[in-house]
Amino acid sequence: MKFYISTTGIKRVTISTTNSSAKGSTVATRRITRRTFLPVVLLLSIVLPFLFVRIAFLVLESASACNSALDCIGWGLLGGSEASLLREELTRALMEAKEGHGTNDGDYRREGSTESFNVLVNEMTSNQQDIKTFAFRTKAMLSMMELKVQSAREQESINWHLASHGVPKSLHCLCLKLAEEYAVNAMARSHLPPPEYVSRLTDPSFHHVVLLTDNVLAASVVISSTVQHSANPEKLVFHIVTDKKTYIPMNAWFAINPIKSAAVEVKGLHQYDWSHEVNVHVKEMLEIHRLIWSHYNDNLRNANFQHEGVNRRSLEALTPSCLSLLNHLRIYIPELFPDLNKIVFLDEDVVVQHDMSSLWELDLNKKVVGAVVDSWCGDNCCPGKKYKDYLNFSYPIISSNFDHDRCVWLYGVNVFDLEAWRRVKITTNYHKWLKHNLNFGMELWQPGVHPPALLAFEGQVHPIDPSWHVGGLGYRPPQAHNIKMLGDAAVLHFSGPAKPWLDIGFPELRSLWNRHVNFSDKFIRKCRILG
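Model, not experiment: these values are computed from the prediction. (Residues numbered from 1 in each chain as written. Predicted model: local features only at pLDDT ≥ 70, side-chain atom pairs only at ≥ 80, totals over all residues. Heavy atoms only, no water.)

**Remarks on the environment of Val209**
Put simply, the rule is: Put simply, DSSP marks the helices as runs of H or I at least four residues long and the strands as runs of E at least two long, and each gets a number from the N terminus on. The classification of residues rests on relative accessible area computed with a 1.4 Å probe and restricted to protein chains. Under 20% of the type maximum is buried, over 50% is exposed, and intermediate values are partly exposed. Any pair of residues with heavy atoms lying within 4.5 Å of one another is described as a contacting pair.
Relative to the elements of secondary structure, Val209 occurs in strand β3 (residues 207–212). Exposure remark for Val209: the relative accessible area of 1% places this residue in the buried category. Along the chain, Val209 and Trp360 lie 151 residues apart, while their C-alpha atoms are 9.8 Å from each other. In contact with Val209, other than residues within four places in its own chain, are Leu236, Val237, Phe238, His239, Val344, Leu346 and Trp360.

Shown next as structure tokens:
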């Protein structure tokens, strides 16, 4: 038996049989009298709507299985052997196409799959090809479409990865203009903080905020948003640590745009006089992180991107922040501030929306770090990721010490008890895990700041209220029902590649960041900072 496709659908069934007969029937007609007219009308008014819906459904469903709408009515309502045979033949052909692999499927792919379903139907009906061929051609077409979609998604991930690497021309312009101002304007060279504020830098009665950043514009947003929403801005002391190349423009910005009431210290790494031992450990740490990054980068080059989710995570792990000196120096905050015992650490990509005074008064229960762990989204929902997203649980040294399904604590808004940090030797523990990773072929975790920190701070994390930190705003735009949650959050964290100062930043969120950019500043205007 073989079905064929024609311009009017599948209209012929060829069956090898010896006994076949056709039975006809005659339909008697009768004259409708006036006495029977009304009941007939009532009956038709009840039956016709049902028939109309049923016929329309069958015509749409089975247009290719019958010669005309009238044939479809009989096929659907009265049933019959042709309908049953068609169903069986179609099911068999589709199953063969689904399970089929080898010469037939490969031949169809080599011939080139049809991109348009309408073109495919026209080709099949004009050539009078059977339904098995139609099924295989359809499978080939869908397979090619799936490959194109997968390729497009992979390319999108790579483009996002590359876009997140760049420094916008506007931000580069801002640094150059500020460096020029530093050279010609004595006020831009003013030492920060002013002499009257120097005593505050080590006074434990003040609220100390630490930023490690080389982004002048981002630092200005963090500080201005924090001061704007502070109940006691005169108690705030900001410590900005930056690299040597950014020190001049960073100092120039805050010298010519002083923050009222609050004290701002700008310090370059070249101004620190660390011991030889600390310098050796820092160089060792950076070299190990570079080796880990290179190892994963080589693996990614050899990958064929067949597993989209895995490779997307690998791309995220290879962001520039993984090699950033300032990011890795977070583990040396006690050495950066030897005279401080308690600080609040803020990432450069945050916006503060509420007063943060209570964080300095928070009791950490003898723990080292206060961080958001739980989430506003409810049970079994992590605000960031889980341990399995960072660590390699195929190694017993990891699986025997950590729960793969546990939510990680988040960097970005953290309270650090530096006295407890020094007491339990967090930095030493961090270096111990770095050496373990070298011994295991650099496979214990993906590149980045967070994975080894999860290991080093194990058992030293005090959860704080989830409303303090809403992150992930650089990965996806918010859903409509989450807009209120963004307004209630104390701190918004644009973690992820789509930073608000980049072109790939989400327009729905950029306004939350832009409201704290000083667009009246002449350098902001000259450099055409994205508004």
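**Regarding the packing of aromatic side chains**
Filter applied, for reference: To pair, rings of Phe, Tyr and Trp, with the six-membered ring standing in for Trp, must have centres within 6.5 Å; the planes then decide the type, stacked if under 30 degrees apart, edge-to-face if over 60, and tilted in the middle. For a ring to carry a charge above it, either NZ of a lysine or CZ of an arginine must fall within 6 Å of the ring centroid while also lying within 35 degrees of the normal to the ring plane.
The tally for this structure, following the rule as stated, stands at 13 aromatic pairs. Three or more aromatic residues joined by ring pairs form one cluster here, namely Phe345, Trp409, Tyr411, Phe416, Trp421 and Phe457. When the ring centre of Tyr272 is taken as origin, the NZ or CZ atom of Lys267, which lies over that ring, is 4.3 Å away. The residue whose ring lies beneath Arg330 is Tyr411, and the NZ or CZ to ring-centre distance is 4.7 Å.

**Observations concerning the nonpolar core**
As a reminder of what qualifies: Nine residue types can take part in a nonpolar core, namely buried Ala, Val, Leu, Ile, Met, Phe, Trp, Tyr and Cys, and a core is a set of them joined through side-chain atoms within 4.5 Å.
Ranked by size, the top nonpolar core spans 118 residues in total, and within it Phe238, Phe254, Leu346, Met356, Trp409, Phe416 and Phe457 carry the most contacts. When residues of this core are assigned to their parent elements, the largest contribution, eight residues, is made by helix α8 (residues 216–228). Apart from the residues within four sequence positions on either side, Met356 is in contact with Thr226, Val344, Leu346, Val413, Trp468 and Val491. If you look at the next biggest cluster of nonpolar residues, it comprises five residues, including Tyr197, Phe206, Val237 and Ala263.

**Regarding the packing of helix α7 (residues 169–184) against helix α9 (residues 244–256)**
What counts, and what does not: Think of each axis as a best-fit line through the C-alpha atoms, taken over the contacting stretch in the case of a helix, with angles from 0 to 180 degrees between the N-to-C directions. To sort the angles, those under 35 degrees are grouped as roughly parallel, those over 145 as roughly antiparallel, those from 65 to 115 as roughly perpendicular, and the leftovers as oblique. For this classification, Asp, Glu, Lys and Arg are treated as charged, while Ala, Val, Leu, Ile, Met, Phe, Trp, Tyr, Cys and Pro are nonpolar and the rest, including Gly, are polar.
Interhelical geometry of α7 versus α9 gives an angle of 75° and a closest axis separation of 8 Å. Judged on the interaxial angle alone, α9 and α7 are roughly perpendicular. Mapping the contact onto sequence places Leu174, Cys175, Leu178, Ala179, Glu181 and Tyr182 in α7 and Tyr247, Ile248, Pro249, Asn251, Ala252, Trp253 and Ile256 in α9. A class-by-class count of the residues in the contact of α7 with α9 yields 11 nonpolar, one polar and one charged.

**Observations regarding the sheet that holds strand β10 (residues 461–464)**
Rules: By the convention used here, strands pair only if DSSP detects at least 2 bridges between them.
The seven strands lie next to each other as β5-β4-β3-β6-β9-β8-β10, forming an open sheet whose pairing is mixed. Each having just a single partner strand, β5 (263–268) and β10 make up the two edges of the open sheet. On average, each strand axis in the sheet is inclined to that of its neighbour by 25°, with strand direction left out of account. With five bridges connecting them, strand β6 (residues 342–346) and strand β9 (residues 413–417) associate as antiparallel partners.

**Regarding the packing of α8 against α9**
Here is the rule: Less than a right angle of anticlockwise turn of the near helix away from the far helix marks a crossing as left-handed, whereas a clockwise turn marks it as right-handed.
Between α8 and α9, the shortest axis-to-axis distance is 10 Å and the interhelical angle comes to 40°. By the criterion of interaxial angle, the relationship of α8 to α9 is oblique. Where α8 crosses over α9, the handedness of that crossing is right-handed. The segment α8 lies against α9, with Val216, Ala219, Ser220 and Ile223 engaging Thr246, Pro249, Met250, Trp253 and Phe254. Here the contact of α8 with α9 is composed, by residue class, of seven nonpolar, two polar and no charged.

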